[in-house]
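Coordinate analysis (summary)
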Amino acid sequence: MASRVSTCFGVFAFALSLFSIVAVSVAEAEGETESSKGEYVLTLDHSNFSDTVSKHKFIVVEFYAPWCGHCKNLAPEYEKAASILSSHDPPIILAKVDANEEPNKELASKHEIRGFPTLKIFRSGGNSVQDYNGPREAEGIVTYLKKQAGPASAEIKSVEDVGSLIDEKKIFIVGIFPKFSGEEFENFTFLAEKLRANYDFGHTLDAKLLPQGESSVKGPVVRLLKPFDELFVDSQDFQVHALEKFVEDASVPVVTIFNNDPSNHPFVMKFFNSPDAKAMLFLNFSSELSDAFKSNYHDVASLYKGKGISFLLGDLDASKGAFQYFGLKEDQVPLVIIQKDDTKKYLKTNLEPDHLAPWLKEYMDGNLKAFVKSEPIPEVNNEPVKVVVGDSLGDIVFNSGKNVLLEFYAPWCGHCKKLAPILDEVAVSFENDADVTIAKLDATANDIVDDAFEVRGYPTLYFRSASGNVLQYEGGRTKEDIIEFIQKNRDKSGQTESVQPESAKDEL
Ligand SMILES: *[C@@H]1O[C@H](CO)[C@@H](O)[C@H](O)[C@H]1NC(C)=O
Ligand SMILES: *[C@@H]1O[C@H](CO)[C@@H](O)[C@H](O)[C@H]1NC(C)=O
Ligand SMILES: *[C@@H]1O[C@H](CO)[C@@H](O)[C@H](O)[C@H]1NC(C)=O
């Protein structure tokens, strides 16, 4: 059964692998369950989830899997936060659901859980659901949830309020009003409620209190304070959609900075979540040319702002995960890479500052050739399971005229390790069958440039018949199941001749 098959999630790997803190704990131990004995965290399952959620005005639910390393790290912190928040007035309830357990899986898919752990905040008996975007250690969880349980926008009455509410390293959105009523105020409050998971909001009658800008502003006006670029932007369009667009647009830096400063990480996450093409310039921030690069990069980024491409500037020191992900080497910096979509990227290494603008122009004009990450093609490849790399996908999979079962795996993935001996046995059983190939590809070290394969977790298995039918294998992970599937879906040797000119010639 497809739903019982366990998968290592690669979903967020792209963004998360950039954060060394998270990447360390990717390796997951199997078979163990959470060690901490929860006392304050409620355990929910399919039988009592809806009932429990509907009874609470505010409840947080963690969807976890017992094998997931990040979940194990979170467990003691979550429990500690739950114990502290139990004495909050009114108490804030923290709960968890084992989303790996069969009957609970439906709950998880209903709430669009794509990775573990995922935390959601349910308000008003579950009528409104919001992502938890807060920290993952006890103190941070407590602070974040206290704020989430309070009003979406806090009134700023004094300089002290400004000090306690506004963190100058974060975005803060403040509504300045002549009075706290009327349609403008209502629309602002509505938006604050809608976006409260991602931004901090405040409102005030007195613009003089604010850290930026002149004091004569009376409003109604919405001011977005930010730690980058022009430092604040105003909007007076109070249509809800316009206001939301203003917030989303104004909160993206021209160039997102990626270094070891955690206060930049929310912007980095935002960068990676954007549907835009992503240009990333990596260099050593302490090197001599750093300033020249930064200024040239800022210029091109400003030039192409709003044209479907976003810009990130990464310090070599913080970018090990990214280098691993893209298969890059430190001696190639300064380098710029553009990730267009899942399958296309463009690379220029050993850059000089004045290469940037012309190279990006070539990209924007559609004149650049995409680059494929690949391990070297192995010289010897005579194990039963054949090794496929980015550069040999064509020869072994697409143009071989054979029936190929291809496993996409990650070296760190425990489920893949479990499958390896089984695939070996399958391969051995087909060893004398020239029309069937069993193969594997390390999807962390090789690009899959063909969109026939969609790889969202590891292991992912695809079968491509000799005539080109592509099927994802979602059956049981036993030798028998896999062999039966191949036999059922392979092309008989007669059917493959049309794509093999030589054997066709033999028949004449
Ligand atoms: C929900 O049901 C599960 C399984 O019966 C039980 O272990 C858990 O304590 C229940 N939770 C609540 C809050 O009633
Ligand atoms: C408030 O938002 C609604 C919905 O977008 C809009 O129709 C209305 O004009 C807005 N009010 C003001 C004063 O902009
Ligand atoms: C970056 O440059 C500085 C100064 O040249 C050097 O000391 C440092 O080792 C470099 N960092 C890396 C990661 O190469």
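Our subject is the structure listed above.
The structure presented is a predicted model; accordingly, all values stated were derived computationally and were not measured.

This part covers the overall build of the protein. A tally of helices and strands in the protein yields 18 helices and 22 strands. Out of the 508 residues belonging to the protein, those deemed buried represent 45%. Within the protein, contacts between residues at least 6 apart in sequence are counted, and of these 69% link residues at least 24 apart. For the protein, the exposed area adds up to about 25800 Å²; of that, 50% sits on carbon and sulfur atoms.

Every other side chain in a regular strand lies on the same face of the sheet, so the side chains alternate between the two faces. In terms of residue burial, strand 13 (residues 277–283) counts as a mostly covered element, since seven of its seven residues are buried. Of the two faces of strand 13, both are covered, the one formed by Ala277, Ala279, Leu281 and Leu283 as well as the one formed by Lys278, Met280 and Phe282. In terms of strand pairing, strand 13 meets strand 14 (residues 309–315) through seven bridges, oriented parallel. Residue pairing for strand 14: Met280 is matched across the bridge by Leu312. Crossover strand 13 to strand 14 through helix 11 (residues 290–303) is right-handed. Note: strand 13 against strand 15 (residues 335–339), five bridges, orientation antiparallel.

Taken together, the residues surrounding ligand 2 are Glu183, Glu184, Asn187, Phe238, Gln239 and Val240. In the model, a nitrogen atom of ligand 2 is placed 2.5 Å from a nitrogen or oxygen of the Glu183 side chain. Within the contact set of ligand 2, an oxygen atom lies 2.3 Å away from a side-chain nitrogen or oxygen of Asn187. Within the complex, the protein chains bury 62% of what would otherwise be the 360 Å² of accessible surface of ligand 2. Sort the elements by how many residues they give to the shell around ligand 2 and helix 8 (residues 183–195) lands first, with three residues. When its residues are assigned to classes, the shell around ligand 2 shows two nonpolar, two polar and two charged.

For the rest of this paragraph, the subject is the sheet that holds strand 12 (residues 255–258). Pairing is mixed across the open sheet formed by five strands, whose spatial order is 12-14-13-15-16. Lying at the two open borders of the sheet, with one neighbouring strand each, are strand 12 and strand 16 (345–348). Adjacent strand axes in the sheet meet at a mean angle of 20 degrees, parallel and antiparallel pairs treated alike. This element, helix 13 (residues 356–364), spans strand 13, strand 14, strand 15 and strand 16 of the sheet and lies at about 20 degrees to strand 15.

The subject of this paragraph is the state of the cysteines. A complete count under the given rule lists one disulfide for this structure. One disulfide in the model links Cys68 with Cys71; its S-S distance is 2.4 Å. Between Cys68 and Cys71, the disulfide has an S-S torsion of 90 degrees and is therefore right-handed. Across the pair, Cys71 and Cys68 agree in class, each one buried.

Now for the nonpolar core. Ranked by size, the top nonpolar core spans 23 residues in total, and within it Leu281, Tyr297, Ile309, Phe311, Ile338, Leu356 and Leu360 carry the most contacts. Discounting chain neighbours no more than four positions away, the residues touching Ile338 are Ala277, Lys278, Ala279, Ile309, Lys344, Lys345, Tyr346, Trp359, Leu360 and Tyr363. Core analysis: the next-biggest nonpolar cluster, separate from the first, contains 20 residues, Phe185, Val222, Leu243 and Ala250 among them.

Time to look at the site of ligand 3. Around ligand 3, the structure places Asn284, Leu316 and Asp317. Within the side chain of Asn284, a nitrogen or oxygen atom sits 2.3 Å from an oxygen atom of ligand 3. When ligand 3 is considered free in solution it has 360 Å² of accessible area, and contact with the protein chains removes 41% of it.

Turning next to the pairing of strand 10 (residues 221–225). In terms of residue burial, strand 10 counts as a mostly covered element, since five of its five residues are buried. Burial along strand 10 is two-sided: Val221, Arg223 and Leu225 and Val222 and Leu224, pointing in opposite directions, are all buried. The pairing of strand 10 with strand 11 (residues 232–235) spans four bridges and is antiparallel. Within strand 11, the residue paired with Leu224 across the bridge is Val233. Once strand 10 ends, the chain turns through six residues before running back antiparallel as strand 11, passing Asp229 with a positive phi of about 45 degrees.

Further remarks concern the packing of helix 11 against helix 13. The geometry of helix 11 relative to helix 13 is characterised by a closest axis approach of 9 Å and an angle of 30 degrees between their N-to-C directions. Here helix 11 is positioned roughly parallel relative to helix 13, judged by the angle of their axes. The chirality of how helix 11 crosses helix 13 is right-handed. The segment helix 11 lies against helix 13, with Phe293, Asn296, Tyr297 and Val300 engaging Leu356, Ala357 and Leu360. The residue inventory of the contact of helix 11 with helix 13, partitioned by class, reads six nonpolar, one polar and no charged.

Moving on, we get to the environment of Phe246. Locating Phe246 in the fold gives a position in helix 9 (residues 240–250). Spatially, the C-alpha atoms of Phe246 and Gln236 are 9.9 Å apart, while their sequence positions differ by ten residues.

The end-to-end C-alpha distance of helix 4 (residues 69–85) is 24 Å, a good match for the 24 Å that 17 residues give at a rise of 1.5 Å each. Largest kink in helix 4: about 35 degrees, centred on Ala75, with the proline Pro76 one to four residues after it. Among all positions of helix 4, only Gly69, His70, Cys71, Leu74, Ala75, Tyr78, Glu79, Ala81, Ala82 and Leu85 are buried.

So, how was this worked out
- Residues numbered from 1 in each chain as written.
- Chains lettered and ligands numbered in written order.
- Predicted model: local features only at pLDDT ≥ 70, side-chain atom pairs only at ≥ 80, totals over all residues.
- Heavy atoms only, no water.
- Helix = DSSP H or I, 4+ residues; strand = E, 2+ residues; numbered from the N terminus.
- Buried < 20%, exposed > 50% of the residue type's maximum accessible area, 1.4 Å probe, protein only.
- Contact = heavy atoms within 4.5 Å.
- Areas by Shrake-Rupley, 256 points an atom, 1.4 Å probe, with all protein chains shown as cover.
- Pairing = 2+ DSSP bridges.
- Right-handed = clockwise from strand over helix to strand, strands pointing away.
- Near = heavy atom within 4 Å.
- Polar contact = N/O pair within 3.5 Å; in protein donor to acceptor, adjacent residues only side chain to side chain.
- Nonpolar A, V, L, I, M, F, W, Y, C, P; charged D, E, K, R; others polar.
- Axes fitted to C-alpha atoms, helices over the stretch in contact; angles between N-to-C directions.
- Disulfide = S-S within 2.5 Å.
- Core = buried A, V, L, I, M, F, W, Y, C linked by side-chain atoms within 4.5 Å.
- Parallel < 35°, antiparallel > 145°, perpendicular 65-115°, else oblique.
- Left-handed = near helix turned anticlockwise from the far one by under 90°.
- Expected span 1.5 Å × (residues − 1).
- Bend = angle between axes of the 7 residues up to and from the residue.

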